[in-house]
Amino acid sequence: MSAPILLAERLDRWFGGIHAVNSVDLDVADGSLHAVIGPNGSGKTTLFNLITGHTRPTAGRVSFDGDVITGLPYHKVVRRGLAKSYQITTIFPLLSVLENVRIAAQAASFSYVFWRSANRMHDVVAHAEQVLERVGLADRPNQTAGNLSHGDQRRLDLAIALASSPRLLLLDEPTAGMSPQETAETVELIRDLNADLTILMIEHKMDVILGIADRITVLHQGATLFEGTPDEIRAHPEVQEVYLTGSL
């Protein structure tokens, strides 16, 4: 693996008396697909929120592509090349598929001014269309987003994240609620995306994680229990006992 594109160092987050993230280190290699696993309440989503700027850490720091981004708001993190696809879809259900992606591309490309070059807007629309092609929604640009199937709404949410042309994409349970066929299609899409960008993902389906990840970090009660390759995760006795019983 190459040098890290993302480095989290001794990240801590307290919520009152709850130590949600406890001195976590995370090193994500450029070009890799790195997964974070753990049971509910282990700190996975809080860790993602600390990385993306949705939540400020109590202690520790986050570096992206060599620059410290600790505490930056999410819109500034996005413009540096990091984006997140959420566990719960964040689409505009009354707008078209294309409009959802165009708005995201426009927000990532422009400051908020009233007058913009028409040519630049054409470029934004063209980019949105390319993103829809990438995720398999190019044949439905004018469909109302709220009328899409669950699996296609998740693809649209992914397209919204991709509209900012990130170098690092965070995926929070990208196959949640999907049928086996939708899950298989999403896994293939993630593999395809990983050819061009780094991916950090949370996922509860262990067959998905073990079949797609380069490295896996296991969280337990907010702290890192173990980190290794899928084969090392399978062979680790404590990980097997706590997380993988019946999943392998």
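In the block above lies the structure referred to throughout.
Residues numbered from 1 in each chain as written. Predicted model: local features only at pLDDT ≥ 70, side-chain atom pairs only at ≥ 80, totals over all residues. Heavy atoms only, no water.

**A closer look at the side chain of Arg102**
Mapped onto the elements of the fold, Arg102 is located in helix H3 (residues 97–109). Of the residues examined, Arg102 reaches a relative accessible area of 15% and is grouped as buried. Among the polar contacts made by the side chain of Arg102, one reaches the side chain of Gln106 at a distance of 2.3 Å. Residues in contact with Arg102, not counting those within four places in the same chain, are Met121, Val124, Val125 and Ala128. (Helix = DSSP H or I, 4+ residues; strand = E, 2+ residues; numbered from the N terminus. Buried < 20%, exposed > 50% of the residue type's maximum accessible area, 1.4 Å probe, protein only. Polar contact = N/O pair within 3.5 Å; in protein donor to acceptor, adjacent residues only side chain to side chain. Contact = heavy atoms within 4.5 Å.)

**Topic: the sheet that holds strand S9 (residues 215–220)**
Ordered by their spatial adjacency, six strands build an open sheet running S6-S7-S8-S3-S9-S10, and the pairing between neighbours is mixed. The strands lining the two open edges of the sheet, one partner per strand, are strand S6 (82–85) and strand S10 (223–228). Neighbour-to-neighbour, the strand axes of the sheet open up by a mean angle of 20°, direction not taken into account. Here four bridges tie S6 to strand S7 (residues 168–172), and the two strands are oriented parallel to one another. Directly across from Ala83, in S7, lies its bridge partner Leu169. (Pairing = 2+ DSSP bridges. Axes fitted to C-alpha atoms, helices over the stretch in contact; angles between N-to-C directions.)

**Some points on the pattern of salt bridges**
For the coordinates displayed, the defined rule picks out twelve salt bridges. The salt bridge involving Arg167 is made with Asp30; its shortest N-O contact spans 3.4 Å. Within this pair, whereas Arg167 is found in the loop between helix H5 (150–162) and S7, its partner Asp30 is found in the loop between strand S2 (18–29) and strand S3 (33–37), the two being separated by 137 residues in sequence. Among the salt bridges present, the one from Asp196 reaches Arg134, with a minimum N-O distance of 2.7 Å. In this pair, Asp196 sits in the loop between helix H6 (180–194) and strand S8 (198–202) while Arg134 sits in helix H4 (residues 118–135), placing the two residues 62 residues apart along the sequence. Looking at Asp196, the relative accessible area reads 58%, which means it is exposed. (Salt bridge = Lys/Arg side-chain N within 4 Å of Asp/Glu carboxyl O.)

**As for empty space enclosed by the protein**
A full pass over the atoms with the stated rule returns one cavity of 30 Å³ or more. Considered as a void within the structure, the largest cavity measures approximately 70 Å³ in volume. In terms of lining residues, the largest cavity is bounded by Ser85, Gly151, Arg154, Arg155, Leu158, Leu171, Pro174, Met178, Thr186 and Ile190. For the lining of the largest cavity, the secondary-structure elements that each account for two or more residues are H5 and H6. By residue class, the composition of the lining of the largest cavity is five nonpolar, three polar and two charged. (1 Å grid on protein atoms, 1.4 Å probe; cavity = no way out; pocket = protein on both sides within 12 Å on 5 of 7 lines; lining within 4 Å. Points joined across faces, edges and corners; volume = space filled by probe spheres on them. Nonpolar A, V, L, I, M, F, W, Y, C, P; charged D, E, K, R; others polar.)

**A few points about the layout of surface pockets**
Counted as a void, the largest pocket has a volume near 480 Å³. Elements with a contribution of two residues or more to the lining of the largest pocket: helix H2 (74–79), S6, H3 and H5. By residue number, the principal contributor to the lining of the largest pocket is H3, which donates five residues. The residue makeup of the lining of the largest pocket, split by class, is 13 nonpolar, five polar and three charged. Of the volumes computed, that of the second largest pocket is approximately 180 Å³. Along its surface, the second largest pocket is lined by His127, Gln130, Val131, Arg134, Leu162, Ser165, Pro166, Leu193, Asp196 and Leu197. With four residues, H4 is the single largest residue contributor to the lining of the second largest pocket. Of the residues belonging to the lining of the second largest pocket, the class tally is five nonpolar, three polar and two charged.

**Let's talk about the environment of Thr144**
Positionally, Thr144 belongs in the loop between H4 and H5. Along the backbone, Thr144 and His204 are 60 residues apart, and their C-alpha atoms lie at a distance of 30 Å. Beyond its immediate stretch of four places on either side in the chain, Thr144 contacts Pro93, Leu94, Leu95 and Ser96.

**What about the pairing of S8?**
Counting buried residues along S8, five of its five residues qualify, which places the element largely inside the surrounding structure. Where S3 meets S8, four bridges bridge the pair, whose relative direction is parallel. The partner of Val36 across the bridge, within S8, is Ile202. Bridge count for S7 against S8 is five bridges, and the pairing is parallel.

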